[in-house]
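The lines below spell out each chain.
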Amino acid sequence: MVEGDTFQKFMLDALEIRGEWVRLDDSFAELCQNKNYPESLRKLLAETTAASLLLTGTLKFEGRLSIHARGSGPVSLLMAEATHERAYRSIVNHKAEPFESDDLNHLLGKAQLAITIEPDKGQRYQGIVPLEASNMGDCLVQYFDMSEQLDTFFMFDSDANGCFGLMLQKLPDYRSIQDQDAWDRVTQLANTLSFEEVSGHDNETLTHRLYHEEQVSLFAQEPVRFQCTCSPERSLASLNALGHDEVLDILEHEAKVAIDCQFCGAHYEFDRADVNALFGLGKMH
Ligand SMILES: [Zn+2]
């Protein structure tokens, strides 16, 4: 795919519409390596990851954002998290069931999509979208409609080597422009894009092809990368959440408590001294 792992914003200046391109390439291929995901799951993971990165473009501060769902269908957990620096991590867990369709309702069953925004400084915010739409893009359109009352358009496509995503969004001042057909025109043009076209051309060419009749500002391209945020401290914090008795119970049978990061595979181990220190025992008083 042209341009590798990248994120890029653009503005249709006179129309009060913003756009973003995201492309996942080597980082995503690496993420899927050795996982043998069925086609529909790889696609779901790609789109959710791309979506989380597109959503970081709407953040007005430094921090991170996640899309998260626990399902009752073949997919038990779906999560993608991305930061304002376009670093992401994502995961899909599934049961050994056949995956009959790409429909989100089939894959996740009865579920809700939680979108959590965590500023580095300030209050955490969570929006919940009931899972009614059959794909990730439509769920997120619903999210923006509910949370910010902004019309939004998403388009995703992927293959075994990567994924692209396009987001268009009306800015609040759209309502004051003369040209009220602009949104329909701009989204219809976006719908004409094919995966072959996106794979074979850079963002500048694509943006020009679609919107050469508009005044477009294309911002600098930003690199996208996989980065896990796990750490010994965070793993210890999860032991804390489990509770002292539960952890001691594990240590009755095992020499150490082991935690494997589901995102990156990092392995953390804690022995009895670590656990006692965590729960405030073994300290000198
Ligand atoms: Zn990790």
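Everything below is about the structure shown above.
A quick note: this is a predicted structure, and the numbers were derived from the prediction, not measured.

A. Spotlight on the coordination of the zinc ion. Donor atoms from the polypeptide that coordinate the zinc ion comprise C228 (SG), C230 (SG), C261 (SG) and C264 (SG), at 2.2 to 2.3 Å from the metal. What the four donor atoms of the zinc ion show is an angle range of 104 to 114° at the metal, which sorts the shape as tetrahedral. Mapped onto the polypeptide sequence, the residues donating to the zinc ion form the spacing pattern C-x1-C-x30-C-x2-C. Taken together, the residues span a long stretch of sequence, with C228 in the loop between β12 (225-226) and α8 (232-242) and C261 in the loop between β13 (257-260) and β14 (267-270) at a distance of 33 residues. Of the residues examined, C261 reaches a relative accessible area of 10% and is grouped as buried.

B. View of the packing of helix α2 (residues 39-56) against helix α4 (residues 136-147). Packing of α2 against α4 leaves a shortest axis separation of 10 Å and a crossing angle of 30°. Relative to α4, the element α2 lies roughly parallel. In this structure, the crossing between α2 and α4 has a hand that is right-handed. From α2, E47, T48, A51 and L55 reach across to α4, where they touch M136, L140 and F144. Taken together, the residues of the contact of α2 with α4 sort by class into five nonpolar, one polar and one charged.

C. Seen up close, helix α5 (residues 182-191). Within α5 the residues assigned to the buried category are A182, W183, V186, T187 and A190. When α5 is viewed along its axis, its buried side chains cluster within an angular range of 115° and face the same direction. Exposed residues pointing more than 90 degrees away from the buried face of α5 are listed as Q188 and N191.

D. Structural detail: the sheet that holds strand β3 (residues 63-70). With mixed pairing, six strands are arranged side by side in an open sheet as β7-β6-β3-β4-β5-β12. On the outer flanks of this sheet lie β7 (125-130) and β12, each paired with one strand and no other. In this structure, β3 lies alongside strand β4 (residues 75-83), joined through seven bridges in antiparallel fashion. Residue pairing across strands places S66 opposite E81, the latter belonging to β4.

E. Just the packing of aromatic side chains, in detail. This structure, assessed with the given rule, holds seven aromatic pairs. Considering the side-chain rings of F10 and W21, the 6.0 Å spacing of their centres and the 35° angle between planes classify their relative orientation as tilted. In this pair, F10 sits in strand β1 (residues 6-12) while W21 sits in strand β2 (residues 17-24), placing the two residues eleven residues apart along the sequence. Both residues of the pair, F10 and W21, count as buried.

So, how was this worked out
- Residues numbered from 1 in each chain as written.
- Predicted model: local features only at pLDDT ≥ 70, side-chain atom pairs only at ≥ 80, totals over all residues.
- Heavy atoms only, no water.
- Donors = N, O, S within 2.8 Å, 3.2 Å for Na, K, Ca; no water.
- Tetrahedral: all angles 85-135°; square planar, octahedral: opposite > 155°, others 65-115°.
- Helix = DSSP H or I, 4+ residues; strand = E, 2+ residues; numbered from the N terminus.
- Buried < 20%, exposed > 50% of the residue type's maximum accessible area, 1.4 Å probe, protein only.
- Axes fitted to C-alpha atoms, helices over the stretch in contact; angles between N-to-C directions.
- Parallel < 35°, antiparallel > 145°, perpendicular 65-115°, else oblique.
- Left-handed = near helix turned anticlockwise from the far one by under 90°.
- Contact = heavy atoms within 4.5 Å.
- Nonpolar A, V, L, I, M, F, W, Y, C, P; charged D, E, K, R; others polar.
- Arc of directions from axis to C-beta.
- Pairing = 2+ DSSP bridges.
- Phe/Tyr/Trp six-rings, centres within 6.5 Å; stacked < 30°, edge-to-face > 60°.

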